[in-house]
Every structure is written in C-alpha cells, then in structure tokens.
Amino acid sequence: MSKLLDATLSVEIAKRIESNEVNSFDNAYHAALATPGSLYVQGFLVFSGKPYKPIEHSWIELDSSIVDPTLPYLHKKPEELYYFPAQKLTVKQLQAALEEAKEDYPEDEPLPVYGSMPYEYYGDVMLGGKEYQEAYEQAEAKCSELNKPKIK
C-alpha cells in the first residue's frame, strides 16, 4: 500500500524550512535535514491537467506518510496528487551522495542525486536505472488515466 500525503505536516515543514516553489529537490533536502527519521525520495509526481506528463519531483517520507514541502506551491488538493518513488536515501546517504557529486562535478548542481547505473534519462533531469524506469512507467500510466477525455 502506498503512503498517503500528510498535507498538514507538509505545510508546517514548508514554513519551517522556508521552502520555495522552484526546486522540489532542494526543498526535500532541507526537509530531510530538519526531520529526524525521514527518508529523502526522488521520483515522479502526477496530477490531472497541465503539463499532462509526470513531473520529476522530490519529497520526504516518514514511517507512515509522504511529506511534500513543495505542496503549498502545487495548487492542488492532496487527494489529486500521486507520488511514484524511484529512489530513497537516508540523510546520511544523501549527504554522502551530495559530497561526491560536488567533488566529481563541481560545476553542476548536486541535486537531483543520480540513480544506479546504467543511466537512462527520464524527463528532463533524472538519470537512473531500473527503479526509475518502473516508477516512470507507473507515473505515465496514471497520468494517461487521469487525463483521458471524459465521455458524457
């Protein structure tokens, strides 16, 4: 069973970390640092309407829920949002991946964190292996379902 979005906690954490609407990856990174026991998650977000395709997105997960510090900027009701995780990292794993990325590619942004090799592109930014492909395919299917024309 997939986890449910905790809208109240999402808004509370968004305020606490002063999230922004531009970068869900940075928002989730700061939320993970500020929320003990959380996992940083990268994957895809789907909802009905524009852009009519899965969006590369990041959030955090707690034992029983999804917390999205970008929620206040999505202008959607929590029940209209569908999350498809591709990669989950502990804060320790996340910090190690960021340090490695900064060292190996100092001119590039360290987020999002690349998935496992061999890499393939999904959308505009994400690189990942099999887990990204599975998440992307599930997200694409849900997006198609949500955006089918309704026959009256």
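Basis of the calculations
- Residues numbered from 1 in each chain as written.
- Predicted model: local features only at pLDDT ≥ 70, side-chain atom pairs only at ≥ 80, totals over all residues.
- Heavy atoms only, no water.
- Helix = DSSP H or I, 4+ residues; strand = E, 2+ residues; numbered from the N terminus.
- Contact = heavy atoms within 4.5 Å.
- Areas by Shrake-Rupley, 256 points an atom, 1.4 Å probe, with all protein chains shown as cover.
- Buried < 20%, exposed > 50% of the residue type's maximum accessible area, 1.4 Å probe, protein only.
- Patch = residues over 30% accessible without salt bridge, like charges linked within 9 Å, V, L, I, M, F, W, Y side chains within 5 Å.
- Salt bridge = Lys/Arg side-chain N within 4 Å of Asp/Glu carboxyl O.
- Lys, Arg positive; Asp, Glu negative; His and termini not counted.
- Charge placed at Lys NZ, Arg CZ, Asp CG, Glu CD.
- Expected span 1.5 Å × (residues − 1).
- Arc of directions from axis to C-beta.
- Pairing = 2+ DSSP bridges.
- Core = buried A, V, L, I, M, F, W, Y, C linked by side-chain atoms within 4.5 Å.
- Axes fitted to C-alpha atoms, helices over the stretch in contact; angles between N-to-C directions.
- Parallel < 35°, antiparallel > 145°, perpendicular 65-115°, else oblique.
- Left-handed = near helix turned anticlockwise from the far one by under 90°.
- Nonpolar A, V, L, I, M, F, W, Y, C, P; charged D, E, K, R; others polar.

Caption draft 1: Focus on the overall build of the protein. Helices and strands together make up the secondary structure of the protein, namely 4 helices and 7 strands. Starting at the N terminus and walking to the C terminus, you meet the elements of the protein as β-α-α-β-β-β-β-α-β-β-α. Along the longest, intermediate and shortest principal axes, the C-alpha atoms of the protein span 55 × 35 × 30 Å. Across the protein, contacts joining residues at least 24 apart in sequence account for 63% of those joining residues at least 6 apart. When the accessible surface of the protein is totalled, it reaches about 9200 Å², and 52% of it is carbon and sulfur.

Caption draft 2: Geometry of unusual backbone geometry. That bond from Lys50 to Pro51 is cis: its omega, 15°, falls within 30 degrees of zero. Tracing the chain through its elements places Pro51 in the loop between β2 (39-46) and β3 (55-61). At the junction of Leu111 and Pro112, the peptide bond is cis and its omega measures out at 5° in the coordinates. Here Tyr52, not a glycine, exhibits a phi torsion of approximately 60°, which is positive. Relative to the helices and strands, Tyr52 is located in the loop between β2 and β3. Here Tyr52 falls in the exposed class, since its relative accessible area comes to 52%. For His75, which is not a glycine, the phi torsion comes out positive at approximately 55°. Summarising the element assignment, His75 is placed in the loop between β4 (65-67) and β5 (82-89). Owing to a relative accessible area of 69%, His75 belongs among the exposed residues under this scheme.

Caption draft 3: Highlighting a negative patch on the surface. A contiguous patch of negative charge on the surface is contributed by Glu99, Glu100, Glu103 and Asp104. Assessed through its relative accessible area of 43%, Asp104 is described here as partly exposed.

Caption draft 4: Structural context of helix α4 (residues 130-146). A rise of 1.5 Å per residue sets the reference length of α4, with its 17 residues, at 24 Å; its end C-alpha atoms lie 24 Å apart and thus fit the reference within 8%. The complete set of buried residues in α4 reads Tyr132, Ala135, Tyr136, Ala139, Lys142, Cys143 and Leu146. Seen from one end, α4 has its buried residues packed into an arc of 130°, which puts them on one side.

Caption draft 5: A look at the sheet that holds β5. With respect to topology, 5 strands assemble into an open sheet ordered β1-β4-β3-β2-β5, the strand pairing being mixed. On the outer flanks of this sheet lie β1 (4-5) and β5, each paired with one strand and no other.

Caption draft 6: Region of interest: the nonpolar core. Tyr40, Ile60, Leu94, Leu111 and Val113 are the most contacted members of the largest nonpolar core, which totals 17 residues. Within the residue set of this core, elements represented by two or more residues are α1 (7-17), α2 (24-34) and α3 (91-104). If one sorts the elements of this core by residue count, α2 sits on top with 5 residues. In contact with Tyr40, other than residues within four places in its own chain, are Phe25, Ala28, Tyr29, Ala32, Ser58, Trp59, Ile60, Gln87, Lys88, Leu89, Leu94 and Leu111.

Caption draft 7: Spatial organisation of the packing of α2 against α3. Running from amino to carboxyl end, α2 crosses α3 at an angle of 135°, the nearest separation of the two axes being 10 Å. As judged from the angle between their axes, α2 and α3 are oblique. Relative to α3, the crossing made by α2 is left-handed. Two secondary-structure elements touch here, α2 through Tyr29, Ala32 and Leu33 and α3 through Val91, Leu94, Gln95 and Leu98. Across the contact of α2 with α3, the residue classes break down as 6 nonpolar, 1 polar and no charged.

Caption draft 8: Highlighting the pattern of salt bridges. Inspection of every chain in the model, using the stated rule, returns 5 salt bridges. One salt bridge connects Glu61 with Lys88, and the closest N-O pair in it is separated by 2.8 Å. One end of the pair, Glu61, is in strand β3; the other, Lys88, is in strand β5, and 27 residues separate them in sequence. The exposure class assigned to Glu61 is buried, which follows from its relative accessible area of 4%.

All we've got here are geometric facts, nothing functional implied.
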